[in-house]
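So you can see what is in the structure, the chains are spelled out below.
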Amino acid sequence: MQLIAISAGKIKNLISGDNASNRVIPSAIEKLPISTLGSPTSVRVRYLGIESDEQADLRVHGGEDKAVYAYPLEHYPFWNDQRSNASSGLLPLSFGAMGENLTTQGFSEEDVYVGDRWNIGEVLLEVAKFREPCFKFNIKMGWSGAAKSMIASGHSGWYFRVIKPGIMVAGDLITVIPGARALSIKEQAQKYYSEPKK
């Protein structure tokens, strides 16, 4: 179980692409790798996230409970297939493409539990919540069904809160300190989407 890449992004303008009334929407969903196995640069993690990373809308991204977002490398083939089915002109995805800060190997939503703690390098993280995709994810992925596909597949990834800041680097091994293990990320998402919304 390993950290494959660390990614960060600045706030930029997304173009909605809906029609003639296209909207310009500020977003930092465009993340680029700043530490990879091929170029393992040390990255500082602070209480509110990866140093040099930004979030455009703090009501739904960022903050203590969504400080760092992780996504499994194992889901990338699924998304490349989905995108190629949606449009033949879309290029294969690279690290950070899901908007994640951490690209991991060896984990899935079924075996990651709310309250688990992850030790990566000097950093201690605590699993907090699954990721709810929004319309910006559709724009980023290049087709209007991307958010629905994330919900249906359960390939959401998960957010961490930062318990202990410090330095991490791509290639660091991940040590999991189990919590109560009462609710997996997959179960949390299923419960959320099955409950009536007020």
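Worth saying up front: this structure is predicted, and the values here are computed from it rather than measured.

*Asks:* Can you walk me through the nonpolar core in this structure?
*Replies:* Soluble globular proteins tend to pack their nonpolar side chains together in the buried interior. Residues Leu102, Trp118, Ile120, Leu125, Trp158, Phe160 and Met168 are the most contacted members of the largest nonpolar core, which totals 25 residues. Of all the secondary-structure elements, those providing two or more residues to this core are strand E1 (2–8), strand E5 (42–46), strand E7 (68–72), strand E9 (117–120), strand E10 (123–130), strand E11 (158–164) and helix H4 (185–194). Broken down by element, this core gets its largest block of residues, four residues, from E10. With 17 residues, the next largest nonpolar core counts Leu93, Met98, Trp143 and Ala147 among its residues.

*Asks:* How should the sheet that holds E5 be read in this particular structure?
*Replies:* The pairing of strands in a sheet happens through backbone hydrogen bonds and is either parallel or antiparallel. Pairing is antiparallel in the open sheet, where three strands are placed in the order E6-E5-E12. The open sheet has two free edges, formed respectively by strand E6 (49–50) and strand E12 (166–169), since each of these has just one partner strand. Where E5 lies against E6, two bridges are found, and the strand directions are antiparallel. Along E6, the bridge assignment pairs arginine 46 with glycine 49.

*Asks:* I would appreciate a short explanation of the packing of aromatic side chains in the present structure.
*Replies:* A ring pair, where both rings are aromatic, is described by two values, the distance of the centres and the angle of the planes. Taken as a whole and judged by the stated rule, the model has twelve aromatic pairs. Measuring from ring centre to ring centre gives 5.5 Å for tryptophan 79 and phenylalanine 137, while their planes differ by 90°; the resulting arrangement is edge-to-face. Remark: phenylalanine 137 occurs in helix H2 (residues 135–141) and tryptophan 79 occurs in helix H1 (residues 76–86); sequence separation between them is 58 residues. Overall, the relative accessible area of 0% leaves phenylalanine 137 in the buried class.

*Asks:* I'm lost on the environment of proline 26 in this one. Help?
*Replies:* Of note, proline 26 is situated in strand E3 (residues 24–27). The class for proline 26 is partly exposed, based on a relative accessible area of 42%. Separated by 30 residues in the primary sequence, proline 26 and alanine 56 place their C-alpha atoms 6.2 Å from one another. Setting aside its immediate chain neighbours within four residues, proline 26 contacts Ile11, Lys12, Asn13, Ala56 and Lys136.

*Asks:* Would you mind showing me how to read unusual backbone geometry here?
*Replies:* Peptide bonds are, in most cases, trans, and in most cases residues other than glycine have a negative phi. The phi dihedral of serine 52 falls on the positive side, at around 85°, and the residue is not glycine. Positionally, serine 52 belongs in the loop between E6 and E7. The backbone of arginine 181 shows a phi angle near 60°, a positive value even though the residue is not glycine. As for its position among the elements, arginine 181 is in the loop between strand E13 (174–177) and H4. You can call arginine 181 partly exposed: its relative accessible area is 35%.

Cut-offs used in this document
Residues numbered from 1 in each chain as written. Predicted model: local features only at pLDDT ≥ 70, side-chain atom pairs only at ≥ 80, totals over all residues. Heavy atoms only, no water. Core = buried A, V, L, I, M, F, W, Y, C linked by side-chain atoms within 4.5 Å. Buried < 20%, exposed > 50% of the residue type's maximum accessible area, 1.4 Å probe, protein only. Helix = DSSP H or I, 4+ residues; strand = E, 2+ residues; numbered from the N terminus. Pairing = 2+ DSSP bridges. Phe/Tyr/Trp six-rings, centres within 6.5 Å; stacked < 30°, edge-to-face > 60°. Contact = heavy atoms within 4.5 Å.

Read these as geometric descriptors, not functional statements.
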